Amino acid sequence: MSPDSPLFLVFFFSIFHALGGAAVGRAIRTLQSEPQNSLTLFIWGGIMGLGPLVFDWFFLIREGELGYGMIGPAVFVVVALVGGFLWRGALEKIDGGAIASAAVGGAACLIGIMLAPYLIGIARTRQLEIADWCFGTLLVLLFVGVGASFAWTGALAIFHGHTFDEEIKLRQKAIDARSSKSKQGKQ
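Counting restarts for each chain: residues are numbered from 1 in the order of the written sequence. Whole-chain, interface and lining totals are the exception, using all residues; otherwise, since this is a predicted model, local features are given only for residues with pLDDT of at least 70 and side-chain atom pairs are given and counted only at 80 or more. By convention in this description, side-chain values take in all heavy atoms of the structure and omit both hydrogens and water.

Trainee: Whenever I open this one, the layout of surface pockets confuses me. Can you help?
Mentor: Using a probe with the size of a water molecule, rolled over the atoms, empty space left in the structure can be pinpointed. Lining residues are defined by having an atom within 4 Å of a point belonging to a cavity or pocket. Those points lie on a 1 Å grid over the protein atoms alone, cavities being sets where a 1.4 Å probe fits but cannot get out and pockets being open sets with protein on both sides within 12 Å along at least five of seven lines. Grid points are joined across faces, edges and corners, and a volume is the space filled by probe spheres set on the points. A volume near 260 Å³ is recorded for the second largest pocket. Forming the walls of the second largest pocket are 13 residues, and the residues nearest its centre are L119, D132, W133, G136 and T137. For the purposes of this entry, the term helix denotes a DSSP run of H or I that reaches at least four residues, the term strand denotes a run of E that reaches at least two, and both are numbered from the N terminus. Among the elements of the structure, α6 (96-125) and α7 (130-160) are those that each provide at least two residues to the lining of the second largest pocket. If one sorts the elements of the lining of the second largest pocket by residue count, α7 sits on top with seven residues. Note that Gly is not counted as nonpolar here; it falls among the polar residues with everything else outside the nonpolar set of Ala, Val, Leu, Ile, Met, Phe, Trp, Tyr, Cys and Pro and the charged set of Asp, Glu, Lys and Arg. Counted by class, the lining of the second largest pocket contains 10 nonpolar, two polar and one charged residues.

Written out as structure tokens, the structure reads:
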């Protein structure tokens, strides 16, 4: 899929619309209990979620893709309403960092996967040197590897009921325990 594709642009811009909508939804939820934090969340969510409207207009609506251009704002509104009025009870206990890690990491992983066919198509039409092949491969692996790592850690934190930071500490302890066992086995 080409980065010029409307679907790619909608997906990419919708990441920011969704994050901004989630912040606005959280601000709606905490409006009565924490008004000082609500204002900050409203401002941050508005900038993060509504700022990409400029890009929606410039890259999609102006180019005659009105349907695609309206997906991002719809994502913002839906996520803000769900986050503000439906995200209650047990769902409210899920760590925001874990959700953000899973969402942004998953998006980065998908961008890396979608980038691979595009780079392969470019490679077929040009004479590339070894440095170009290495850079292209590392770029894809960076997005896929780092994105998948963040998505996996965030998903595990949600699944185990931990915060994102607690999950990282537990994973680090497990790595340390394995490395100390392997050191003892070699002696």
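Trainee: Teacher, can you tell me more about the pattern of salt bridges here?
Mentor: When their charged atoms lie close together, side chains carrying opposite charge are able to pair. When a carboxyl oxygen of Asp or Glu lies within 4 Å of a side-chain nitrogen of Lys or Arg, that pair is called a salt bridge. All told, the structure shown has one salt bridge when counted by the stated rule. Between R62 and E63 there is a salt bridge, with the nearest N and O atoms lying 3.3 Å from each other.

Trainee: Would you mind showing me how to read α6 here?
Mentor: Note: α-helices contain 3.6 residues per turn, so residues at a spacing of three or four share the same orientation. Its 30 residues give α6 an end-to-end C-alpha distance of 44 Å, which sits within 8% of 44 Å, the value for a rise of 1.5 Å per residue. L115 marks where α6 bends most, by close to 25 degrees; the proline P117 follows one to four residues later. By the burial criterion, the buried members of α6 are A98, S101, G105, A107, A108, C109, I111, G112, M114, L115 and A123. By this rule the span expected of a helix is its residue count minus one, scaled by 1.5 Å. Bend, at a single residue, is the angle you get between axes fitted to the 7 residues ending at that residue and the 7 residues starting at it. Relative accessibility under 20% of the residue-type maximum defines a buried residue, over 50% an exposed one, and the middle range a partly exposed one, all with a 1.4 Å probe and only protein chains included.

Trainee: What is the right way to read the packing of aromatic side chains from this model?
Mentor: The description of two aromatic rings rests on the distance between their centres and on the angle between their planes. Classification of ring pairs uses Phe, Tyr and Trp, with its six-membered ring standing for Trp, and accepts pairs whose centres are within 6.5 Å; under 30 degrees between planes counts as stacked, over 60 as edge-to-face, and the remaining range as tilted. In total, this model carries eight aromatic pairs according to the counting rule given. Plain terms: the ring middles of F55 and F59 are 6.4 Å apart, the flat faces sit at 10 degrees to each other, and that makes the pair stacked. Highlighted residues: F55 and F59, both in helix α3 (residues 53-61), separated by four residues, approximately one helical turn. Judged by relative accessible area, F55 falls into the partly exposed class, the value being 42%. Note on F59: relative accessible area 37%, which makes it partly exposed. When the centroid spacing of 6.4 Å and the interplanar angle of 50 degrees are considered together, the rings of W57 and F58 count as tilted. For F58, a relative accessible area of 37% corresponds to the partly exposed category. Among the aromatic side chains, those forming a connected cluster through ring pairs are F12, F13, F16, F55, W57, F58 and F59. Charge-over-ring contacts are defined here by two conditions on Lys NZ or Arg CZ: a distance within 6 Å of the ring centre and an angle within 35 degrees of the ring normal. It is R62 that lies over the ring of F58; its NZ or CZ is 4.2 Å from the centre.

Purely geometric numbers; function is a separate question.
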